[in-house]
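If you want the building blocks of each chain, they are given just below.
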Amino acid sequence: MQQLFATLLGLLLCSQFAVWAQSPGLQVAKQWKLLSYNFESPTQASDPNFYNPQNVLITGIAVTDDRIFIATPKLFSGVSSTVNWVPKGKLGESPQLQAYPDWSFSNTARSNFNCSDLILTSVYRLRIDSCNRLWLLDAGVSRSLEDYEITCPPKILVVDLNTDRVVRRIDFPPEVLRGETLFTNMVIDETTAKSCDDVFVYITDTVEPGIIVYDSSKDVTWRLSHPAMYPDPDFAQSEIHNDRFVLMDGVVGLTFDERNGIVYFQPLATDRVFSVHKNVLRAGPLASGQMLDVKLVGKKSSQGIGLAVSPFDSSLIFSPLTETALASWNPTTNQQSVLAQDRDRLQFVADITTTRSEPGVIYAIASKFHRFFLKNLNANEFNNRIVRLELSGARTGGIKSPLHTLPLSLATAPSAPSAPAAHNSILHYGIYNQHSQSHVHSTQTSPNALQTYFTSPALTTPLTTKTPYKYENAGIINYGVRSPFTALNQGEAFPPTKANRDTYQRSYLDTLVSSPGPTATAAAASITAPSSYMQRHSGYYYHHH
């Protein structure tokens, strides 16, 4: 069935390519064939360990009134500065990257530094809070796709954009780190903030899959994990046009719906999007044997990383890699739209962000990562782009497409809860009957029902076709052992592709849509901080020093 959906999707995309290829609402804000920097001296550019233009690509973006901040992580050698900025300026420009806050923060090709210094090793994502401060998540790992050198422990630097000076540093306690921890993404939850530092930060660990929660007001951190955060070997191979590549990355896509308090996340190696409510994350570390209350939101037509939430109606905005598109799905109304599709300008969208300076506008990074990764980069093409898209046009006259393929009954579907609930099950959105949990059988009348990027988790197979697999409690896993997933990034063999999977056999992750979990209030009430923090365990709070 999934193969049928994918085949029909390809035919429909081809038939409408003449319309979509132009994507008139999609604007190129900046574009580069190869990225270059404002070097302090000409000799720096001639040192391949300091600068190798074919190894520099963008993965993160943050936008203000007059500047665009760019993250260029050290995936490979020769990345001169990991955080940079360019002036907003005119559309379509190819400006040099300006090292940020300045060149003294770069430790590339240096040995004369201490990890306690104000330096930056490798930043994948950066975010701006409501106090006009830029949060820089430093993974601390150099050459993560080459020899994976753990240069420094991960940290966060908070920079005041009014002065461009660091105003806060956050170091993570070793108890929440694992052998090959790689912090790649974060969202800042300010929904209950009473001051600039009264926030929660949710952080993805991609190689040792988990979500780290940082309570900024109390300066404590804890780690949460769930099978949904791990990569799925059936989706290890991604495909963009004629390029195929294998990357077993765990949870990396992350966004936050402030209105409903829902955190959405996705590994790279999966076709699924999951969610967890902020109250569940805030409730603290899990008790022994307790499972995190994660819900399956739906399945996409292919893998992806970038996620965002529309400020208009809380629609989830995502980018399926194979379809080279930006699409949206509103879990409350089931309204679905293809916002833009472009075979060249939307290859590998690594980050999608909204901006306070331009309400209703999203910016996205399209980096052609796969070409860098496969070492078949064409230096005569534009390989890094920042694109801009106005959501208001998509809401009133964009390309409309029903992206759910399974029968739903929206006429009688209850509206989303007016107040955020701890249990953010898709039950609230009417896909299942809330009382009997039986599947809603009605007919999808749209003639374009198979024109799909996103499918509902309301599968037509029985909910109890398979007993959920019992996973070990995270507290007894030996984290000193090298991650078994990392080796797959080196090109070793991996399990059979999804083409060989029985598509009618539901997995444990599919059952997450129908099993109500404990409310956040109950979860919080059952957890108390231990008096001692001597034992290494995922179920403890850890104070920062």
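In this text the structure is predicted, and so the values were computed from the model without any measurement.

Caption draft 1: Focus on the overall build of the chain. When you go through the chain residue by residue, the secondary structure sums to seven helices and 31 strands. With 545 residues in all, the chain has 58% of them scored as buried. Across the chain, the fraction of contacts at a sequence separation of at least 24, relative to all contacts at a separation of at least 6, is 63%. Carbon and sulfur atoms make up 52% of the accessible area of the chain, which totals about 21500 Å².

Caption draft 2: Here's a closer look at the state of the cysteines. Per the stated rule, a full pass over the model turns up two disulfides. The disulfide partner of Cys-115 is Cys-152, and the gap between their sulfur atoms is 2.0 Å. One quick way to see it: the torsion about the S-S bond of Cys-115 and Cys-152 is about -85°, and its sign makes the bridge left-handed. Placement of the pair is Cys-115 in the loop between strand S5 (98-99) and strand S6 (123-128) and Cys-152 in the loop between strand S9 (149-150) and strand S10 (155-160), with a sequence separation of 37 residues. Using a relative accessible area of 2% as the deciding quantity, one classes Cys-152 as buried. Shown here is the disulfide that connects Cys-131 with Cys-196, its sulfur atoms set 2.0 Å apart. Taking the sign of the S-S torsion, about -100° here, the bridge from Cys-131 to Cys-196 comes out left-handed. Separated by 65 residues along the polypeptide, Cys-131 in the loop between S6 and strand S7 (133-138) and Cys-196 in the loop between strand S12 (183-189) and strand S13 (200-205) bring together distant segments of the chain. With relative accessibility at 31%, the residue Cys-196 sits in the partly exposed group. Here the cysteine-cysteine linkages of the chain are recorded as 1-3, 2-4, numbering only bonded cysteines and doing so in sequence order.

Caption draft 3: Molecular detail of the environment of Val-349. You can see Val-349 is positioned in strand S26 (residues 349-354). Placed 18 residues apart in sequence, Val-349 and Ser-367 show a C-alpha to C-alpha distance of 6.7 Å. When residues no more than four places from it in sequence are discounted, the contact partners of Val-349 are Ile-305, Gly-306, Ser-319, Leu-321, Leu-326, Ala-364, Ile-365 and Ala-366.

Caption draft 4: Quick peek at the sheet that holds strand S28 (residues 384-390). Read across the sheet, four strands follow the order S1-S28-S27-S26 without closing on themselves; strand pairing throughout is antiparallel. The two strands at the open ends of the sheet, each matched to only one other strand, are strand S1 (26-32) and S26. Neighbour-to-neighbour, the strand axes of this sheet turn through a mean angle of 20°, independent of strand direction. Pairing between strand S27 (residues 361-366) and S28: six bridges, direction antiparallel. If you follow Ile-362 over to S28, its bridge partner there is Leu-389.

Caption draft 5: Inspection of unusual backbone geometry at higher detail. Across the junction of Tyr-100 and Pro-101, the peptide omega takes the value -10°, indicating a cis bond. Counting through the fold element by element, Pro-101 comes out in the loop between S5 and S6. Phi angles above zero are rare outside glycine, and Asn-132 is one such case at about 60°. Classification of Asn-132 as partly exposed rests on a relative accessible area of 28%. Here the phi dihedral of Ser-314 falls at roughly 65°; this positive angle occurs in a residue that is not glycine. Tracing the backbone through its elements, the reader meets Ser-314 in the loop between strand S22 (307-309) and strand S23 (316-318).

Caption draft 6: Expanded view of the layout of surface pockets. Here the second largest pocket defines a volume of roughly 930 Å³. At the level of secondary structure, the elements contributing two or more residues to the lining of the second largest pocket comprise strand S2 (60-63), S6, S12, strand S18 (251-257), S22 and S26. In the lining of the second largest pocket, the residues fall into 18 nonpolar, 10 polar and 11 charged.

Caption draft 7: Layout of the confidence of the model for the chain. When pLDDT is averaged across the chain, the result is 77; 69% of the residues are at 70 or more. Across residues 393-452, confidence stays below pLDDT 50; counting only partners more than four residues off in sequence or on other chains, it has 145 contacts. Low pLDDT (under 50) marks residues 514-538, which in the prediction has 47 contacts with non-local residues, meaning those over four places away or in another chain.

How each quantity is defined
- Residues numbered from 1 in each chain as written.
- Predicted model: local features only at pLDDT ≥ 70, side-chain atom pairs only at ≥ 80, totals over all residues.
- Heavy atoms only, no water.
- Helix = DSSP H or I, 4+ residues; strand = E, 2+ residues; numbered from the N terminus.
- Buried < 20%, exposed > 50% of the residue type's maximum accessible area, 1.4 Å probe, protein only.
- Contact = heavy atoms within 4.5 Å.
- Areas by Shrake-Rupley, 256 points an atom, 1.4 Å probe, with all protein chains shown as cover.
- Disulfide = S-S within 2.5 Å.
- Pairing = 2+ DSSP bridges.
- Axes fitted to C-alpha atoms, helices over the stretch in contact; angles between N-to-C directions.
- 1 Å grid on protein atoms, 1.4 Å probe; cavity = no way out; pocket = protein on both sides within 12 Å on 5 of 7 lines; lining within 4 Å.
- Points joined across faces, edges and corners; volume = space filled by probe spheres on them.
- Nonpolar A, V, L, I, M, F, W, Y, C, P; charged D, E, K, R; others polar.
- pLDDT = per-residue confidence, 0-100.

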